[in-house]
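A closer look at the structure
Read off the chains here:
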Number of protein chains: 2
Amino acid sequence: MDNTARKPTLKDVAALSGVSVISASRVMRDAPNISHQLRQKVEQAAVAIGYQRNRIAGSLRGKTTDLIAVIVPSMSNDVFPNIVDGIDDALKGSSLRLVLGMTKYDDTSEEAILRDMLTWNPAGVILSGLEHSDNTKEMLADFSGPIVQVMDIDGDAIDMAVGISMQEAGVLIAQHLFARGYRRIGYVGAWGERPTRSLKRRLAFEAELARLGAPIIASVILDQASSMQGGADGLKQLLARNLGIDAVFFANDDLAMGALFYCQTHGISVPHDLALAGYNGLEICHSITPHLTTIATPRYEMGHLAGTLIRNQRNGAASPAQKTIRMAQNLIVGGTT
Amino acid sequence: MDNTARKPTLKDVAALSGVSVISASRVMRDAPNISHQLRQKVEQAAVAIGYQRNRIAGSLRGKTTDLIAVIVPSMSNDVFPNIVDGIDDALKGSSLRLVLGMTKYDDTSEEAILRDMLTWNPAGVILSGLEHSDNTKEMLADFSGPIVQVMDIDGDAIDMAVGISMQEAGVLIAQHLFARGYRRIGYVGAWGERPTRSLKRRLAFEAELARLGAPIIASVILDQASSMQGGADGLKQLLARNLGIDAVFFANDDLAMGALFYCQTHGISVPHDLALAGYNGLEICHSITPHLTTIATPRYEMGHLAGTLIRNQRNGAASPAQKTIRMAQNLIVGGTT
DNA sequence: AACTATATTGGTAACGTTGTCATTTATAAT
DNA sequence: ATTATAAATGACAACGTTACCAATATAGTT
């Protein structure tokens, strides 16, 4: 349409409605102590000339923006889209908006993204996991707004943390497999275990198995991204070693599903010949037959809570007494173990 | 750490390095024609006092931010996370950053999000689909930056469009099912067909079937979100009508997978008793046995191209001659048809 | 040496809003 | 009617940067 014309500003609204600029400003942002009369005049004028607020200008004066920096590893992933969905829903109805960056599980990249995002003076920062580079930690320490680390709570939070215990997850699965009578247990991971969360899970898993007297037999950590194909490949590698493995814990459901399909097409009876367990509790676990044994993680809920925490502090609420919030994860026993 | 101290500004950097503010500014944003000497002095000073750019201030002067508004229906979804991943990758290395909003397939919500995002003066807008409310269209028309509509190209683009032909998809599947000999064909959709893309697919599918002389027998459009469970439910409803249906096209792979699992556990032989086809080409289609017949869509690539188009225009490139870019989608014939 | 073109630096004035303080007007209390 | 108090409005400056234009230094030409 009319791209040449200058965008209307508060000045224009003020001029048209015959009030001062600052009064127009007050109306536009619902400040207190405005007469009904004035409000009407201004609103009418604003609509008439199609006035749109300029948050940039407002933020410059106000020191901080309504942007929330959200840094996650990737979107092509089982868990982070749900988290982001949760965050966005929690922000709904507020003036806060989410700015997204993806690290691809790379610390240097995380650092660069955070550095860039901080130049926007965000109202808060949400990032995943508790492990970060020194530079990242330093930047966060200098940041004055609320910070929420999601997913992981096994470690020290910089400000707030919302997550599940990876430690607990590993123990849960180890105990379950042991209780079921499996004694020759293996593990398959991916991403070269760069997400330290899966590493924490595996270590706890191994420690618990050892404690129970059935130490882990073998592990395969794929370097590639997690995928169903990877799960099949990992399992194949594990079985090729002929160690008599009777159960395998996978770093996530994708890998486990791929392995399950592999078994189904290669005459390996699950769980009779081999038991399988995954992690995350994706819908497909309960849709397939047999149902996949897994641990359901509250992904959406973690995101939602993280968003809510930021939002509350934005609204002047004190930082919560409980800075680290542990969410529940549930072992879902399917027919694969 | 030290939250009380005022953040260092360009003025501080300039003072310390003994140059003018504007020169310091030039160094910080890599402007041309800077002597090595000056650059060194300024960079050194910036590091020394821990200077961080304030993009807000810069954007106010510069009229537009380095933010790209991205509006999608949802993240808990098969397609949009991949698109967002593609966009982000395309933006990597530039100063552009992605601001995300989710509509939940609601036009009013889309409108509100866009209105809000425009107050940040974004450098570009990416949104999904070609159908929008009048208000949304009006706001976009008034927006002076590049706009890319992703996913769909069957219709008129506001500025640029990157997508696949839903029309073509419907025809492809219809022809495939017909060629395979199926004549009593049904359809299952979800979300109350609010994503008009699935509607377009179905209409083209039905039209082609009619043209071929095997008009569609029945359809079920679920109101709920798309899910595997939904696919099973939809199929169940369809079969309950006892219409002798021999093939079903599903709005997406999730639904189709759910239906496939349902068949497998209810003694329905696929494809002998019933053929199934999905849409999207998720990895699971080729992992499961039988492989699911589907259409592979270039989700990541669409996002990447959308991001690249915005980025190019940001860099001063002329708007491309071809404003609507049709991407390829491939029928992948599995064992379910 | 005089002159032109180019590279480098600086000064000033916005950008559009809102925090702070001042002023006016309305309302309540004597 | 008068004073005290609160509500409503306004003026001004400042937020930190960069666009624009001017000035100076340097290199290249004849």
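Residues numbered from 1 in each chain as written. Chains lettered and ligands numbered in written order. Predicted model: local features only at pLDDT ≥ 70, side-chain atom pairs only at ≥ 80, totals over all residues. Heavy atoms only, no water.

**A look at the sheet that holds strand 9 (residues 275-277) of chain A**
Residues and elements named next belong to chain A. Spatially, the 4 strands line up as an open sheet ordered 7-6-8-9, and their pairing is parallel. Two strands close off the open sheet at either side, each with one partner strand: strand 7 (218-221) and strand 9. In this sheet, adjacent strand axes meet at a mean angle of 15 degrees when their direction is disregarded. Of the strand pairs in this sheet, strand 8 (residues 247-250) and strand 9 are connected by 3 bridges, and their pairing is parallel. (Pairing = 2+ DSSP bridges. Helix = DSSP H or I, 4+ residues; strand = E, 2+ residues; numbered from the N terminus. Axes fitted to C-alpha atoms, helices over the stretch in contact; angles between N-to-C directions.)

**With respect to the interface of chain B and chain A**
On the side of chain A, 53 residues touch chain B, which itself brings 54 residues to the contact. The contact between chain B and chain A buries some 4900 Å² in all, and 56% of this surface belongs to carbon and sulfur atoms. Area buried by chain B at its contact with chain A is led by B:Ile56, B:Arg97 and B:Trp120, which between them contribute 15% of it. Taken together, chain B and chain A are joined by 8 salt bridges. Two residues, A:Asp116 and B:Arg97, come together in a salt bridge whose shortest N-O distance is 2.9 Å. Inspection of the region where chain B meets chain A yields 26 residue pairs in polar contact (both at pLDDT 80 or more). (Contact = heavy atoms within 4.5 Å. Buried area = accessible area lost by both parts, 1.4 Å probe. Salt bridge = Lys/Arg side-chain N within 4 Å of Asp/Glu carboxyl O. Polar contact = N/O pair within 3.5 Å; in protein donor to acceptor, adjacent residues only side chain to side chain.)

**A short note on the pattern of salt bridges**
Per the stated rule, a full pass over the model turns up 36 salt bridges over all chains. Ionic pairing is found between B:Arg326 and B:Glu168, a salt bridge with its closest N-O pair at 3.6 Å. Linking B:Arg326 in strand 11 (residues 324-326) with B:Glu168 in helix 8 (residues 166-179), this pair joins segments that are 158 residues apart in sequence. Residues joined in a network through salt bridges with shared partners are A:Arg55, A:Asp66, A:Arg97, A:Arg314 and B:Asp116.

**Quick notes on the sheet that holds strand 2 (residues 97-102) of chain B**
Taken in spatial order, the 12 strands of this open sheet run 11(A)-5(A)-4(A)-3(A)-1(A)-2(A)-2(B)-1(B)-3(B)-4(B)-5(B)-11(B), and their pairing is mixed. The outermost strands of the open sheet, each flanked by one partner alone, are strand 11 (324-326) of chain A together with strand 11 of chain B. On average, each strand axis in the sheet is inclined to that of its neighbour by 20 degrees, with strand direction left out of account. The pairing of strand 5 (residues 160-164) of chain B with strand 11 of chain B spans 3 bridges and is classified as parallel. When the sheet's bridge partners are listed, B:Val162 is paired in strand 11 of chain B with B:Ile325. Here helix 13 (residues 299-314) of chain A sits on the sheet and contacts strand 1 (67-72), strand 3 (124-128), strand 4 (147-152), strand 5 (160-164) and strand 11 of chain A; the angle it forms with strand 5 of chain A, its principal contact strand, is near 165 degrees.

**Things to note about the protein's contact with DNA strand D**
Around DNA strand D lies a shell of 25 residues, among which A:Ser23, A:Arg26, B:Leu10, B:Ser25 and B:Tyr51 are the nearest. Among the atoms of DNA strand D close to the protein, meaning within 4 Å, 66% are from sugar or phosphate groups. Residue A:Asn33 places a side-chain N or O atom 3.4 Å away from a phosphate oxygen belonging to DNA strand D. At 2.2 Å, a side-chain N or O of B:Tyr51 approaches a phosphate oxygen of DNA strand D. Secondary-structure elements contributing two or more residues to the surface near DNA strand D are helix 2 (21-28) and helix 4 (55-62) of chain A together with helix 2 (21-28) and helix 4 (55-62) of chain B. With 4 residues, helix 2 of chain B is the largest single contributor of residues to the surface near DNA strand D. Looking at the surface near DNA strand D residue by residue, the classes come out as 10 nonpolar, 8 polar and 7 charged. (Near = heavy atom within 4 Å. Nonpolar A, V, L, I, M, F, W, Y, C, P; charged D, E, K, R; others polar.)

**Things to note about the state of the cysteines**
Residues and elements named next belong to chain A. Counted under the stated rule, the structure contains 0 disulfides over all chains. Not part of a disulfide, cysteine 285 finds its nearest cysteine sulfur in cysteine 263, a span of 15 Å. We classify cysteine 285 as buried; its relative accessible area is 0%. (Disulfide = S-S within 2.5 Å. Buried < 20%, exposed > 50% of the residue type's maximum accessible area, 1.4 Å probe, protein only.)

**Overview of the packing of helix 2 of chain B against helix 3 (residues 36-49) of chain B**
Residues and elements named next belong to chain B. In the contact formed by helix 2 and helix 3, the axes pass within 9 Å of each other and the chain directions differ by 85 degrees. On the basis of their axis angle, the class for helix 2 and helix 3 is roughly perpendicular. Facing helix 2, whose interface residues are Ser23, Ala24, Val27 and Met28, helix 3 presents Leu38, Arg39, Val42, Glu43 and Ala46. By residue class, the composition of the contact of helix 2 with helix 3 is 6 nonpolar, 1 polar and 2 charged. (Parallel < 35°, antiparallel > 145°, perpendicular 65-115°, else oblique.)

**Points about the relation of the copies chain B and chain A**
The operation relating chain B to chain A is a screw motion whose rotation component is 180 degrees, with 0.0 Å of axial translation and a residual RMSD of 0.2 Å. The relationship between the two copies is best expressed as a two-fold rotation axis. By C-alpha distance to the rotation axis, the residue of chain B lying nearest is B:Val99, at 2.1 Å. (Least-squares fit on C-alpha atoms with pLDDT ≥ 70 in both.)

**Quick look at the protein's contact with DNA strand C**
With respect to spatial proximity, 25 residues lie near DNA strand C, and among them A:Leu10, A:Ser25, A:Tyr51, B:Ser23 and B:Arg26 are the closest. Of everything in DNA strand C that lies within 4 Å of the protein, sugar and phosphate atoms constitute 65%. B:Ser23 is positioned such that a nitrogen or oxygen atom in its side chain is 2.7 Å from a phosphate oxygen of DNA strand C. With 4 residues, the top contributor of residues to the surface near DNA strand C is helix 2 of chain A.

**Re helix 1 (residues 10-17) of chain A**
Residues and elements named next belong to chain A. Along helix 1, the residues classified as buried are Leu10, Val13, Ala14 and Ser17. End-on view of helix 1: buried residues confined to an arc of 100 degrees, all on one side of the axis. Turned more than 90 degrees off the buried face of helix 1, the exposed positions are Lys11, Ala15 and Leu16. Those residues of helix 1 that are buried lie in contact with helix 2 and helix 3 (36-49). The first or second residue beyond helix 1 is glycine 18, which carries a positive phi of 70 degrees. (Arc of directions from axis to C-beta.)

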